[in-house]
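For reference, the chains in residue letters:
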Amino acid sequence: MLGIFAGLSAFTFFYAKGISYLSDDPQACQNCHIMREQFDAWNRSSHKAVATCNGCHTPKNAIGKYAVKGINGWNHSAAFTVGGFPEPIQIREFNRKIALSNCKRCHQEIISRMVENKNGETSDCFACHGNVGHQERE
């Protein structure tokens, strides 16, 4: 039984191009048809010149990056297998916090000049820039 599970897992990993998810290649993000629209929009955006998908959607440190990739890989596999995802796809709060942290890290110079809220925090970037990184060029 263990052999069947291992063989089925290996086949699924190979069929789903699992090894590609360990890279930083943005092409891996469009392996799933539901991400093509986001990939195409990123491909036309100004962020293409400075950031890949992992640059915005995973932590900067290697351990955090691969932990998040593992968590997301499991969640995406489960959702796509059983069909439990919204269309259009939406970012979850866990991943939204990571992306927001990366926005603030890369754009620290601009953010430092912004007015802080009453809690001493900068505003939520996504309140005004909700689709940044995936927008079409004007």
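Since this is a predicted model, take the numbers as computed values, not measurements.

### Details of the overall build of the protein chain
Here is step 1: The helix and strand inventory of the protein chain stands at six helices and zero strands.
Here is step 2: Moving toward the C terminus, one meets the helices and strands of the protein chain in the order α-α-α-α-α-α.
Here is step 3: Projected onto its principal axes, the C-alpha positions of the protein chain cover 60 × 35 × 25 Å.
Here is step 4: Counting the 138 residues in the protein chain, one finds 25% classified as buried.
Here is step 5: By sequence separation, contacts in the protein chain at least 24 residues apart represent 57% of the contacts at least 6 residues apart.
Here is step 6: Looking at the protein chain as shown, the accessible area adds up to about 10200 Å², and 61% of this sits on carbon and sulfur atoms.

### What to know about the environment of Q30
Here is step 1: Note on placement: Q30 falls in the loop between α1 (2-15) and α2 (36-44).
Here is step 2: Along the chain, Q30 and D40 lie 10 residues apart, while their C-alpha atoms are 8.8 Å from each other.
Here is step 3: Residues within four places of Q30 in sequence aside, it is in contact with M35, R36, F39 and D40.
Here is step 4: For Q30, the side chain forms a polar contact with the side chain of Q27, separated by 2.6 Å.

### Concerning the packing of aromatic side chains
Here is step 1: A complete count under the given rule lists one aromatic pair for this structure.
Here is step 2: Taking the centre distance of 5.7 Å and the plane angle of 45° together, the rings of F39 and W42 count as tilted. One end of the pair, F39, and the other, W42, are both in helix α2, three residues apart, so they sit about a helical turn from each other. Across this residue pair, the class does not change: F39 and W42 are buried.

### Remarks on the side chain of N54
Here is step 1: With respect to the helices, strands and loops of the structure, N54 is situated in helix α3 (residues 53-57).
Here is step 2: Since its relative accessible area comes to 12%, N54 is described here as buried.
Here is step 3: In this structure the side chain of N54 is engaged in a polar contact, spanning 3.3 Å, whose partner is the side chain of K69.

### Description of α1
Because each turn of an α-helix spans 3.6 residues, side chains separated by three or four positions in sequence point in the same direction.
Here is step 1: Helix length check: α1 (14 residues) gives 20 Å between terminal C-alpha atoms against 20 Å at 1.5 Å per residue, within 8%.
Here is step 2: Of all 14 residues in α1, zero are buried; the element is thus mostly exposed.
Here is step 3: Just past α1, the residue K17 takes up positive phi, approximately 60°.

### Notes on the environment of H33
Here is step 1: By the secondary structure assignment, H33 is in the loop between α1 and α2.
Here is step 2: By relative accessible area, H33 is classed as exposed at 56%.
Here is step 3: A C-alpha to C-alpha distance of 17 Å links H33 and F14, two positions 19 residues apart in sequence.

### Observations concerning α2
Here is step 1: Among the residues of α2, Q38, F39, A41 and W42 are the ones counted as buried. Seen from one end, α2 has its buried residues packed into an arc of 165°, which puts them on one side.

### With respect to the packing of helix α4 (residues 62-82) against helix α5 (residues 93-106)
Here is step 1: Between α4 and α5, the shortest axis-to-axis distance is 12 Å and the interhelical angle comes to 150°. With respect to their mutual orientation, α4 and α5 come out roughly antiparallel. Where α4 crosses over α5, the handedness of that crossing is left-handed. Residues V68, I71 and N72 of α4 touch α5, and the partners they reach there are F94, N95 and I98.
Here is step 2: Across the contact of α4 with α5, the residue classes break down as four nonpolar, two polar and no charged.

The rules we used
- Residues numbered from 1 in each chain as written.
- Predicted model: local features only at pLDDT ≥ 70, side-chain atom pairs only at ≥ 80, totals over all residues.
- Heavy atoms only, no water.
- Helix = DSSP H or I, 4+ residues; strand = E, 2+ residues; numbered from the N terminus.
- Buried < 20%, exposed > 50% of the residue type's maximum accessible area, 1.4 Å probe, protein only.
- Contact = heavy atoms within 4.5 Å.
- Areas by Shrake-Rupley, 256 points an atom, 1.4 Å probe, with all protein chains shown as cover.
- Polar contact = N/O pair within 3.5 Å; in protein donor to acceptor, adjacent residues only side chain to side chain.
- Phe/Tyr/Trp six-rings, centres within 6.5 Å; stacked < 30°, edge-to-face > 60°.
- Expected span 1.5 Å × (residues − 1).
- Arc of directions from axis to C-beta.
- Axes fitted to C-alpha atoms, helices over the stretch in contact; angles between N-to-C directions.
- Parallel < 35°, antiparallel > 145°, perpendicular 65-115°, else oblique.
- Left-handed = near helix turned anticlockwise from the far one by under 90°.
- Nonpolar A, V, L, I, M, F, W, Y, C, P; charged D, E, K, R; others polar.

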